[in-house]
Amino acid sequence: MPSAIRECFSVLKPGGLLLFRDYGLYDMTILRFEPDKRVGFREYMRSDGTRSYFFCADTVRDLFTGSGFNKHLSLNIVMSNQQIAELGRACLEFGFMGNFRNPFDAILHNFVHLVYG
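Described below are features of the structure shown in this document. (Residues numbered from 1 in each chain as written. Predicted model: local features only at pLDDT ≥ 70, side-chain atom pairs only at ≥ 80, totals over all residues. Heavy atoms only, no water.)

### Focus on the overall build of the chain
1) Next: Looking only at helices and strands, one finds four helices and six strands in the chain.
2) Next: Each helix and strand of the chain, placed in order from N terminus to C terminus, yields the pattern α-β-α-β-β-β-α-β-β-α.
3) Next: Sequence separation of at least 24 residues holds for 58% of the intrachain contacts in the chain that already meet a minimum separation of 6.
4) Next: Total accessible area on the chain is roughly 8,000 Å²; 56% of this is exposed by carbon and sulfur atoms. (Helix = DSSP H or I, 4+ residues; strand = E, 2+ residues; numbered from the N terminus. Contact = heavy atoms within 4.5 Å. Areas by Shrake-Rupley, 256 points an atom, 1.4 Å probe, with all protein chains shown as cover.)

Structural data, given as structure tokens:
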């Protein structure tokens with residue numbers, strides 16, 4: 001995951017914005033996975049072979065700021081009730097939605113380094 005986020009950072013123009021939305025820990029989706037589908041810490045394998053990871057706020061923040069994105073970011077908890085027909089009841093959807101910006105100061109830092117060594 002960190003390498004994918006670093007790649008996003010490297011291709012975004014300074015000031016560019018990356019929008020993120022994904023599952024959060026305690027989302028009802030996690031309860032639908034069979035125990036044998038767990039492949040790691042908060043990570044599950046779907047029947048088609050794709051993986052689902054359930055984030056906490058600190059993990060999302062650390063992943064993006066550790067890759068160079070601004071520390072002053074927008075990270076919101078998204079919660080909604082969803083009617084799940086196969087379960088015959090409403091379930092809580094819990095996730096994160098964030099806006100992460102490639103800072104302008106990275107270009108300034110590189111420019112200063114080029115000019116002044």
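### A word on the sheet that holds strand β4 (residues 51–53)
1) Next: With antiparallel pairing, three strands are arranged side by side in an open sheet as β2-β3-β4. A strand with exactly one partner marks an edge of an open sheet, and here the two such strands are β2 (38–40) and β4. Ignoring which end each strand starts from, the neighbouring axes of this sheet average 35° apart.
2) Next: For strand β3 (residues 43–45) and β4, the ladder comprises three bridges, and the chain directions are antiparallel. By the bridge assignment, Met45 is partnered in β4 with Arg51. (Pairing = 2+ DSSP bridges. Axes fitted to C-alpha atoms, helices over the stretch in contact; angles between N-to-C directions.)

### Here we look at the pattern of salt bridges
1) Next: Using the criterion set out here, one finds two salt bridges in the structure.
2) Next: Put simply, Arg51 and Glu43 hold a salt bridge, and the shortest N to O gap is 3.2 Å.
3) Next: A salt bridge links Asp58 to Arg61, with the shortest nitrogen-to-oxygen separation between them at 3.4 Å. Residue Asp58 and its partner Arg61 are both found in helix α3 (residues 57–65); the two are separated by three residues, about one turn of the helix.
4) Next: Of the residues examined, Arg61 reaches a relative accessible area of 33% and is grouped as partly exposed. (Salt bridge = Lys/Arg side-chain N within 4 Å of Asp/Glu carboxyl O. Buried < 20%, exposed > 50% of the residue type's maximum accessible area, 1.4 Å probe, protein only.)

### Examining the environment of Asn102
1) Next: You can see Asn102 is positioned in the loop between β6 (89–101) and α4 (105–116).
2) Next: For the pair Asn102 and Thr65, spaced 37 residues apart in sequence, the C-alpha separation works out to 9.9 Å.
3) Next: Beyond its immediate sequence surroundings of up to four residues, Asn102 is in contact with Phe9, Leu12, Lys13, Pro14, Gly15, Gly16 and Phe69.

### Structural notes on unusual backbone geometry
1) Next: A positive phi angle, close to 60°, is found at Arg42, a residue other than glycine.
2) Next: Its location among the elements puts Arg42 in the loop between β2 and β3.

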